[in-house]
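Letter by letter, the chains look like this.
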Amino acid sequence: MKTLLKNGILVSGKGTRTADILLADGVISKIGSDLTDASAEEMDVSGKYIYPGFIDAHTHMGLHVAGTVTADDFTTGTAAALAGGTTMIIDFGTQYHGESLAQGLNNWHAMAGGENSCDYSFHMSISEWTPSVKNEVADMIEAGITTFKLYMTYPAMMLDDGEIYEVLKTLKEAGTFAGVHCENAALIDALIRENKAGGFLTPAAHPASRPDTMEAEAVHRLMVIAGEAKAPVMAVHTTNEKALNEIIAARKAGVNAFAETCPQYLFLDRSLYELPDFEGARYVCAPPLRTKKDQEVLWKAVKAGVIDTVSTDHCSFTLKQKELGRNDFTKIPGGLPGVETRGNLIFSEGVGKGRISPACACRILSENPARLYGLYPKKGVLAEGSDADITVIDPEKEKLLTKDGQVTNVDYNPYEGMKLKGAVEKVFLRGDLCVEDGKLIRRGLGRFIKRGLPDYRHEEGLA
Ligand code: MN
């Protein structure tokens, strides 16, 4: 099957150009002017932005947390992703205590063994660091699981500073790195105890127990550790100015540090936790939402290339599941849906409102995750030979964000009522048209993708 997209505005990480693009046999077979092919179905995409399919490098599908399991599994989650222009997700396989990395990976392959609508891979979360786990790092890379995840908080998952040092050093020697959840676990526990003892049990106590300083301190510590290990590292879901300043300072000191943020930290703020009727619970995630000032700082950092990727940390729960914490904010399952809305939000509110260029959106949504996570140039770029993962955005298309009709398996939308201008119109996954006029028309074509080693380049100062 061949498709010829005519006169689109092709977007790369460096800029845009108008050209035709021919998709054949699952890949981009030709890019140029005045292309013709009698055997191809021709589509006029003039005035539309043609992006390499978006990659969401931070999702949690089918994850068991807080005595429940996320509302989206791989089947619904990958469909939601595709509907929103994301042609690949990277979820997190997890080694739980007592397991080998291989067991963790097998568990996740089994969990993702049903219908997938976009391509997928996993990072591997290491929760126990032993000599045998160290030996398994090479096996993971061989299996295409080339990046890792570490936690500085959550008792079931966290490693201590010395272990983090050893992991980062080991990964560096293997040619790769870890993304790290940065929060100060012990201090957060103390603040939670203090809030509960004071009778503060509502969602408003959640951000009060996890202030920005707890994140910034952990980012600082991580940067010190990475500096000593002479190893690259990524701070995932960076939420605030203080944490970001730690990353900037570490880079100046020579640490090869990468930064990720998420749409919820760009668009939502902590005042939402004060909503009446337990509505604040729907925004509980860790780290929590911050201030409007932090949002501004994050946007500037995205524009300047200080932040490398915008992923979602999609971890969805229904309102009924959120009720588990009705009388105790620490029992609210933490996480927000986002995999379906990321591309539309970033395009409309980022590119459409002039906060970032079309090329910057390409870098944070496609190119940088592809490079950092060993997918480039198979994905993350419109180039001859690359997978024909294509997201077509109509800059004039209006879209109302609402829970009604969303593909995500959740009964609320954190952005309910937001009116977007500029939205996903078509999505091709390896050449197959799966979204038309913003509607998911084809499911089930997603595959597990083996990844290569990362490319650590960090570029600032691009427009
Ligand atoms: Mn996460």
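Being a predicted model, the structure only gives us computed values, none of them experimental.

Quick notes on the rules
Residues numbered from 1 in each chain as written. Predicted model: local features only at pLDDT ≥ 70, side-chain atom pairs only at ≥ 80, totals over all residues. Heavy atoms only, no water. Helix = DSSP H or I, 4+ residues; strand = E, 2+ residues; numbered from the N terminus. Buried < 20%, exposed > 50% of the residue type's maximum accessible area, 1.4 Å probe, protein only. Contact = heavy atoms within 4.5 Å. Areas by Shrake-Rupley, 256 points an atom, 1.4 Å probe, with all protein chains shown as cover. Lys, Arg positive; Asp, Glu negative; His and termini not counted. Charge placed at Lys NZ, Arg CZ, Asp CG, Glu CD. Core = buried A, V, L, I, M, F, W, Y, C linked by side-chain atoms within 4.5 Å. Salt bridge = Lys/Arg side-chain N within 4 Å of Asp/Glu carboxyl O. Donors = N, O, S within 2.8 Å, 3.2 Å for Na, K, Ca; no water. Phe/Tyr/Trp six-rings, centres within 6.5 Å; stacked < 30°, edge-to-face > 60°. Lys NZ or Arg CZ within 6 Å of the ring centre and 35° of its normal. 1 Å grid on protein atoms, 1.4 Å probe; cavity = no way out; pocket = protein on both sides within 12 Å on 5 of 7 lines; lining within 4 Å. Points joined across faces, edges and corners; volume = space filled by probe spheres on them. Nonpolar A, V, L, I, M, F, W, Y, C, P; charged D, E, K, R; others polar. Pairing = 2+ DSSP bridges. Axes fitted to C-alpha atoms, helices over the stretch in contact; angles between N-to-C directions.

A.B. asks: Is there a simple way to explain the overall build of the chain in this structure?
C.D. replies: Counting its secondary structure elements, the chain contains 13 helices and 19 strands. With respect to the three principal axes, the spread of C-alpha positions in the chain is 70 × 50 × 40 Å. Out of the 463 residues belonging to the chain, those deemed buried represent 61%. Summarising the internal contacts of the chain: among those between residues at least 6 apart in sequence, 76% fall at separations of at least 24. Accessible area for the chain stands at about 17,000 Å²; split by element, carbon and sulfur atoms hold 51% of it. Between the centroid of the 50 positive side chains of the chain and the centroid of its 62 negative side chains there is a distance of 3 Å.

A.B. asks: I tried to follow the nonpolar core on my own but got confused; where do I start?
C.D. replies: Generally speaking, a soluble globular protein has its nonpolar side chains buried in company with each other. Residues Y51, F148, L168, M223 and I346 are the most contacted members of the largest nonpolar core, which totals 108 residues. The biggest single contributor to this core is helix 7 (residues 212-229), with 9 residues. Beyond its immediate stretch of four places on either side in the chain, F148 contacts L101, H123, M124, I126, V137, M140, I141, L171, T176, F177, A178 and G179. One finds L5, A19, I31 and M43 within the second-largest nonpolar core, a separate group that totals 16 residues.

A.B. asks: Looking at this structure, I do not really get the pattern of salt bridges. What am I missing?
C.D. replies: A side chain of one charge can pair with a side chain of the opposite charge if their charged atoms are brought near each other. In this structure the tally under the stated criterion is 29 salt bridges. As a salt-bridge pair, K378 and D387 come within 3.3 Å of each other at their nearest N and O atoms. In this structure K378 comes out as partly exposed when scored by relative accessible area, which is 37%. Judged by its relative accessible area of 7%, D387 is buried. Because the salt bridges share partners, they merge into one network encompassing D119, K378, K379, D387, D389 and R430.

A.B. asks: Could you clarify how one ought to interpret the coordination of the manganese ion in this entry?
C.D. replies: As a benchmark, a tetrahedral metal site with four donors has ideal angles of 109.5 degrees, while an octahedral site with six donors has ideal angles of 90 or 180 degrees. In this structure, H58 (NE2), H60 (NE2) and D313 (OD) serve as the protein donors to the manganese ion, at separations of 2.2 Å. Read N to C, the donor residues that coordinate the manganese ion are spaced as H-x1-H-x252-D. Placement of H60 in the loop between strand 6 (54-56) and strand 7 (64-65) and of D313 in the loop between strand 15 (309-310) and helix 11 (319-322) is noted, with a sequence separation of 253 residues between them. Each member of the pair, H60 as well as D313, is classed as buried.

A.B. asks: What exactly am I supposed to notice about the packing of aromatic side chains here?
C.D. replies: For any pair of aromatic rings, geometry is given as the distance between the ring centres together with the angle between the planes. Taken as a whole and assessed by the stated rule, the structure comprises 15 aromatic pairs. A centroid spacing of 6.4 Å and a plane angle of 85 degrees characterise the contact between Y51 and F347, whose relative ring orientation is edge-to-face. In this pair, Y51 sits in strand 5 (residues 49-52) while F347 sits in helix 12 (residues 342-351), placing the two residues 296 residues apart along the sequence. The buried category is assigned to F347, whose relative accessible area is 5%. An aromatic cluster is present here, built from Y49, Y51, F54 and F347 joined pairwise through their rings. The ring of F92 has K149 lying over it, and the distance from NZ or CZ to the ring centre is 4.2 Å. Taking the ring centre of Y376 as reference, the NZ or CZ of R371 above it sits at 4.0 Å.

A.B. asks: Sorry, what's going on with the layout of surface pockets here?
C.D. replies: If a probe the size of a water molecule is rolled over the atoms, the empty space left behind becomes visible. Of the volumes computed, that of the largest pocket is approximately 910 Å³. V65, Y154, R210, A286 and G334 are, among the 38 residues lining the largest pocket, the residues nearest its centre. At the level of elements, strand 7, strand 9 (86-95), strand 11 (148-151), helix 5 (185-197) and helix 6 (205-209) are the ones that each hand at least two residues to the lining of the largest pocket. Among the elements that make up the lining of the largest pocket, the one with the highest residue count is helix 5 (4 residues). Class assignment of the residues belonging to the lining of the largest pocket gives a composition of 21 nonpolar, 13 polar and 4 charged. There is about 410 Å³ of room inside the second largest pocket. Looking at the second largest pocket, it is lined by 21 residues, and the ones nearest its centre are E340, K399, G405, G438 and K439.

A.B. asks: Looking at this model, I keep getting lost on the pairing of strand 18 (residues 432-436). Mind explaining?
C.D. replies: Within a regular beta strand, the side chains point alternately toward one face of the sheet and then the other, so they alternate between its two faces. As paired elements, strand 17 (residues 419-429) and strand 18 share 3 bridges and run antiparallel to each other. Looking across to strand 18, one finds that V427 is bridged to V435. Hairpin geometry of strand 17 and strand 18 is characterised by an intervening segment of 2 residues between the two adjacent antiparallel strands and by a positive phi of about 40 degrees at R430. Of the pairings in the sheet, the one linking strand 18 to strand 19 (residues 439-440) comprises 2 bridges and is antiparallel in character. Residue pairing for strand 19: V435 is matched across the bridge by L440.

A.B. asks: Is there a simple way to think about the sheet that holds strand 6 in this case?
C.D. replies: Sheet strands line up and pair through hydrogen bonds in the backbone, either parallel or antiparallel. Strand order in the open sheet made by the 8 strands is 6-9-10-11-12-13-14-15, with parallel pairing throughout. Strands with a single pairing partner mark the edges of an open sheet, and in this sheet they are strand 6 and strand 15. Looking at chain direction, strand 11 and strand 12 (residues 178-181) are connected through 4 bridges and run parallel. Bridging from a neighbouring strand, F148 pairs with A178 of strand 12. Sheet strands touched by helix 12: strand 6, strand 9 and strand 15. Its angle to strand 6, the strand with the most contacts, is close to 120 degrees.

A.B. asks: I'm lost on empty space enclosed by the protein in this one. Help?
C.D. replies: Enumeration according to the criterion identifies 3 cavities of 30 Å³ or more in this entry. Quantified by volume, the largest cavity comes out at close to 130 Å³. Around the largest cavity, the lining comprises 15 residues; the ones closest to its centre are D308, N368, R457, H458 and E459. Counting residues per element, the lining of the largest cavity draws most heavily on helix 13 (residues 358-372), at 5 residues. Across the lining of the largest cavity, the residue classes tally to 6 nonpolar, 3 polar and 6 charged. Only strand 11 and strand 12 provide two or more residues apiece to the lining of the second largest cavity. When grouped by side-chain class, the residues that make up the lining of the second largest cavity number 8 nonpolar, 2 polar and 2 charged.

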